[in-house]
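A closer look at the structure
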Amino acid sequence: MKEVILPLLLLAFVGLTGSLRSTAGLFAHVRPGLLWQVQAPKPPSYPFDRYPAGKVYKGHPAPPKLVTAEHRGFRTVLRNGAKKGSNFAGHFTVVEWGCGSNCIAMAVVDAITGVVYDRDMPQMNDSGICGAQYKVTSTLFVVETSPTPNGDCEPEMYRWDGSHFVEVSEP
């Protein structure tokens, strides 16, 4: 990161001062290492460890069972997503796809049985979407949304019970 920032800052100061010599004079008054002390905000941490998933399935993922018309309508995205294998709650695969501006659709596919769960999914589209966080080692699923497109992201946490999401009330 330092390797990218320093040349960009150097170019910016050269543009402001008009010469490399003037820029060097500016940097002579800067404490060494100061340029590298600026850091991006640390992403929020969520209690994934409090919701362990148990054993992680590493076998070949089962193809999704497309039993409803809606499943068949999204067969390509469900099949391609399920092929990636477990990424959530031990042996499940969260499959996400876009459904228009500010819209994310999703389903959860059991990598062992191929059962597709797509009912009562957490609401992600009622406001600005910041994203979802989940881990293969945890049953915790976090949806981050914002009341406005450029606002701060607020989390809503859910626990996967093996067939649907249950809202978690802890902070």
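Let us look at the structure shown here.

Rules of the game
- Residues numbered from 1 in each chain as written.
- Predicted model: local features only at pLDDT ≥ 70, side-chain atom pairs only at ≥ 80, totals over all residues.
- Heavy atoms only, no water.
- Disulfide = S-S within 2.5 Å.
- Helix = DSSP H or I, 4+ residues; strand = E, 2+ residues; numbered from the N terminus.
- Pairing = 2+ DSSP bridges.
- Contact = heavy atoms within 4.5 Å.
- Axes fitted to C-alpha atoms, helices over the stretch in contact; angles between N-to-C directions.
- Salt bridge = Lys/Arg side-chain N within 4 Å of Asp/Glu carboxyl O.
- Buried < 20%, exposed > 50% of the residue type's maximum accessible area, 1.4 Å probe, protein only.
- Core = buried A, V, L, I, M, F, W, Y, C linked by side-chain atoms within 4.5 Å.
- Phe/Tyr/Trp six-rings, centres within 6.5 Å; stacked < 30°, edge-to-face > 60°.

Quick notes on the state of the cysteines
Summed over the entire model, instances satisfying the criterion amount to two disulfides. Here C130 pairs with C153 through a disulfide, and the sulfurs are 2.0 Å apart. Between C130 and C153, the S-S dihedral sits near -90°, and the bridge is therefore left-handed. Separated by 23 residues along the polypeptide, C130 in strand 4 (residues 128–134) and C153 in the loop between strand 5 (140–146) and strand 6 (154–160) bring together distant segments of the chain.

Notes on the sheet that holds strand 1 (residues 92–98)
Taking strand neighbours across the sheet as the criterion, the three strands line up as 1-2-3 in an open arrangement whose pairing is antiparallel. If you trace the sheet from one side to the other, it starts and ends with strand 1 and strand 3 (116–117), each paired once. In terms of strand pairing, strand 2 (residues 104–110) meets strand 3 through two bridges, oriented antiparallel. Counterpart to V109 in the pairing with strand 3 is V116. Of the strands in this sheet, strand 1, strand 2 and strand 3 are in contact with helix 4 (residues 75–83), which crosses strand 1 at around 135°.

What to know about the pattern of salt bridges
A full pass over the atoms with the stated rule returns one salt bridge. With a closest N to O distance of 3.2 Å, R119 and E70 form a salt bridge. You can see R119 sitting in the loop between strand 3 and strand 4 and its partner E70 sitting in helix 3 (residues 69–73), a full 49 residues away along the chain. Its relative accessible area of 41% is what places E70 among the partly exposed residues.

Examining the nonpolar core
F88, F92, M106, V108, F141, W160 and F165 are the most contacted members of the largest nonpolar core, which totals 14 residues. Elements with a minimum of two residues in this core: strand 1, strand 2, strand 5 and strand 6. Every residue in contact with F141, bar those within four places of it in the chain, is listed here: F88, V94, M106, P122, A132, Q133, Y134, E156, M157, Y158 and F165. Ranked by size, the runner-up nonpolar core spans nine residues in total, among them L66, V95, A105 and V109.

Quick word on the packing of aromatic side chains
Under the criterion given, the structure shown has 13 aromatic pairs. With centroids separated by 5.0 Å and ring planes inclined at 35°, the aromatic side chains of F74 and W97 adopt a geometry described as tilted. Of this pair, F74 sits in the loop between helix 3 and helix 4 while W97 sits in strand 1, placing them 23 residues apart in sequence. You can call F74 partly exposed: its relative accessible area is 34%.

Notes on the sheet that holds strand 7 (residues 165–168)
Strands sit in the order 4-5-6-7 across an open sheet of four strands; the sheet is antiparallel. Only two strands of the sheet have a single neighbouring strand rather than two, namely strand 4 and strand 7. Neighbouring strand axes in the sheet, compared pairwise and without regard to direction, differ in orientation by 30° on average. Across six bridges, the pairing between strand 4 and strand 5 is antiparallel. Residue pairing in the sheet places G131 in a bridge with E144 of strand 5.

Comments concerning the pairing of strand 2
Taking burial as the measure, the seven residues of strand 2 include six buried ones, the bulk of the element. Linking strand 1 back to strand 2 in an antiparallel pair, the connection comprises five residues, with G100 at a positive phi of about 125°. Hairpin connection, strand 2 to strand 3: the antiparallel pair is bridged by five residues, and G114 has positive phi, about 85°.

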